[in-house]
Amino acid sequence: MEKGLLPMSSTQPLAGYVVVEIGHSVAAPYAGLILAELGAEVIKVENPAGGDSARAWGPPFAGDMGPHFSAFNRNKASVAVNLANERERDALKALIIERADVVICNLRSGAAGKLGLGADTLTAEKPALIYCELGAFGLGGHMSRKPGYDPLMQAYCGVMSVTGESSERPPVRVGVSMVDMGAGMWSAIGILASLLSRKESGQGCRVDTSLFETAVAWMATPISRYLMGGGSQSPHGSGAAGIVPYQAFCTKTGWLVIAAGNDRLFKSLCDVIGRPELAGDPRFSSNGQRVLNQHLLLPVIEEFTASHEREALARILDEASIPNAPVQNVEQLVNDEHARQLGIIQESQGRQHVGLPIRFDKERPSYRSPAPSLGVDTERVLEAYLKC
């Protein structure tokens, strides 16, 4: 059977494909993780002098790796290659030409090309190769050669301008690497689309994405609001621009997010809080009016929620089919019964990690191996090529 054509009941649809990840930090490793979870053999290339910089991002540490590395590099092999060493570089290139279906690269712009490992060189020698270049600012603009990290893109692309409590407060970064991980997801999507296309044409493809383009994509709604004449969006705390009520409310025992995102749900909420007349009040009868008059509406809801315990209020809202959720911390999430029931927090060999958020025929891709120690697979993977 041709590789990648396993039965759809399989959680490893990419079994048989070989991916070489010349990547570091979060974006490229997350792309590699997605492909590894789906069954591809992912060979991670690391500098012998310390490896992927994410190994040192901590504490805490488990052996030679911090949380970022542990989270994004399981189910991979690690080979230590000094790219400045011609012999080792040639061995890596030979491996790619002979075995690889995909290369993922997020070295600084132009660096891979100077080493003979760029898209133009490798795809010329192997036309069936899919080469994914994951850059910082993208190709073609005057900033294309600038380095970049997730917080820079959240700042430059306006994400920080719409995040936080108010425009008067200091800028706030989203607390997870949403731009890095998003760029990794776009890379994986592009690679998968290219693999499908290659089945028909036999030709590989160059896939390009960047942190900058990913951050701009996440800003689609604020940009659309601006282009429609709504001005620049400001921070709304836990709320959302253009939807009211749609935010966290304080209760006696913690915060509870209530999302009455349409007129029907708002009417139900008015009944729950004992103010059914508000649903027919012209100031609140439509979402647009609720947004304009939220300074009058929100205090009414806040007064009600402040008089209830969170769990009791959540039950009342559930009975009325009004979407709600408690604001949980990481410890609560890890121990959350629903997360456990879905199997998204996976455990194997005494280790726990977050699984891939996708299932095939109700089965989630399984844990196969922990994030590797630096260079642990070098001899096994590269020995034959180093002897050439």
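As a convention, each chain's residues are numbered from 1 in the sequence order in which they are written. In view of the model being predicted, local features appear only for residues whose pLDDT reaches at least 70, and side-chain atom pairs are presented and counted only at 80 or more, with totals across whole chains, interfaces and linings using the full set of residues. Based on all heavy atoms of the structure, the side-chain values leave hydrogens and waters out of the count.

**Observations concerning the overall build of the chain**
The condition that has to hold: Numbered from the N terminus, helices here are DSSP runs of H or I no shorter than four residues, and strands are runs of E no shorter than two. Relative accessibility thresholds used throughout: buried, under 20% of the residue-type maximum; exposed, over 50%; partly exposed, between the two (1.4 Å probe, protein chains only). The contact definition used throughout considers only heavy atoms, calling two residues in contact when any of these lie within 4.5 Å. Computed with the Shrake-Rupley method and a 1.4 Å probe, the accessible areas treat only the protein chains shown as cover for residues. Counted charges follow a simple rule, with Lys and Arg positive, Asp and Glu negative, and His plus the chain ends left uncounted. Here the site of a charge means NZ on Lys, CZ on Arg, CG on Asp, or CD on Glu.
Helix and strand counts for the chain stand at 16 helices and eleven strands. On the principal axes, the C-alpha backbone points of the chain span a range of 80 × 50 × 45 Å. Among the 388 residues that make up the chain, the fraction classed as buried is 44%. In the chain, the share of contacts with a sequence separation of at least 24, taken over all contacts with a separation of at least 6, comes to 67%. On the chain, roughly 19,600 Å² of surface is accessible, and the fraction owed to carbon and sulfur atoms is 56%. Across the chain, the mean location of the 36 positive side-chain charges is 2 Å away from that of the 41 negative side-chain charges.

**Things to note about the environment of R99**
Structurally, R99 is set in helix α3 (residues 86-99). Judged by relative accessible area, R99 falls into the partly exposed class, the value being 30%. Spatially, the C-alpha atom of R99 lies 8.7 Å from that of V19, the residues being 80 residues apart in sequence. Non-local contacts of R99, meaning those with residues more than four positions away in its chain, are made with V18, E41, I43, K126 and Y385.

**Structural notes on the state of the cysteines**
The condition is simple: Two cysteine sulfurs form what is called a disulfide whenever their separation falls within 2.5 Å.
Per the stated rule, a full pass over the model turns up zero disulfides. You can see C105 has no disulfide; the closest cysteine sulfur is in C132, sitting 9.1 Å from it.

**Structural notes on the nonpolar core**
The tendency in soluble globular proteins is for nonpolar side chains to be buried as a group. Operational definition: Think of a nonpolar core as a cluster: buried Ala, Val, Leu, Ile, Met, Phe, Trp, Tyr and Cys residues, connected wherever their side-chain atoms sit within 4.5 Å.
Within the largest apolar cluster, 36 residues are counted, with the highest numbers of intra-cluster contacts made by L35, I104 and I191. Broken down by element, the residue count for this core peaks at eight residues, all from helix α1 (residues 27-37). Contact partners of L35, with chain neighbours within four places excluded, come to L14, V19, A40, V42, I104, A188, I191 and L192. Membership of the second largest hydrophobic core comes to 24 residues, among which are V18, V45, A91 and I96.

**Let's talk about the pattern of salt bridges**
Just so we agree on the cut-off: One speaks of a salt bridge when a side-chain nitrogen belonging to Lys or Arg is within 4 Å of a carboxyl oxygen belonging to Asp or Glu.
Enumeration over the complete set of coordinates arrives at 19 salt bridges. For R173, the salt bridge is made with D150, and the minimal N-O distance between the two is 3.4 Å. Placement of R173 in the loop between α6 (150-156) and α7 (178-201) and of D150 in helix α6 is noted, with a sequence separation of 23 residues between them. On the accessibility criterion, R173 (31% relative accessible area) is partly exposed. Judged by relative accessible area, which is 1%, D150 ranks as buried. D377 is the salt-bridge partner of R380, the closest N and O atoms lying 3.3 Å from each other.

**Structural notes on the sheet that holds strand β5 (residues 130-135)**
Where we set the bar: Two strands qualify as a pair provided DSSP detects at least 2 bridges between them. Interaxial angles span 0 to 180 degrees and are taken between N-to-C directions of axes, which are lines fitted to C-alpha atoms, for helices over the stretch in contact.
With respect to topology, six strands assemble into an open sheet ordered β3-β2-β1-β4-β5-β6, the strand pairing being parallel. Each edge of the open sheet carries a strand with a single partner, namely β3 (76-80) and β6 (205-210). Averaged over all neighbouring strand pairs, the angle between strand axes comes to 20°, with direction disregarded. One ladder, built from five bridges, connects strand β2 (residues 41-46) with β3; its direction is parallel. Among the inter-strand pairings, I43 is bridged to a residue of β3, identified as A77. Contacts from α3 reach β1 (18-22), β2, β3 and β4 (102-105), with the element oriented near 150° to β1. Across the sheet, helix α8 (residues 211-218) is in contact with β5 and β6; its angle to β6 comes to roughly 60°.

**A closer look at the side chain of R55**
As a reminder of what qualifies: A 3.5 Å cut-off defines polar contacts: any pair of N or O atoms within that distance qualifies, except that in protein one atom must be a possible hydrogen donor and the other a possible acceptor, and neighbouring residues in sequence count only when both atoms are side-chain atoms.
Relative to the helices and strands, R55 resides in the loop between β2 and α2 (67-72). A residue is classified by how much of its surface remains accessible, and R55, at 3% relative accessible area, is buried. A polar contact is formed between the side chain of R55 and the side chain of E46, at a distance of 2.7 Å. Setting aside residues up to four positions removed in sequence, R55 forms contacts with E46, G50, F61, D64, M65, G66, F69, S78, P372, S373 and L374.

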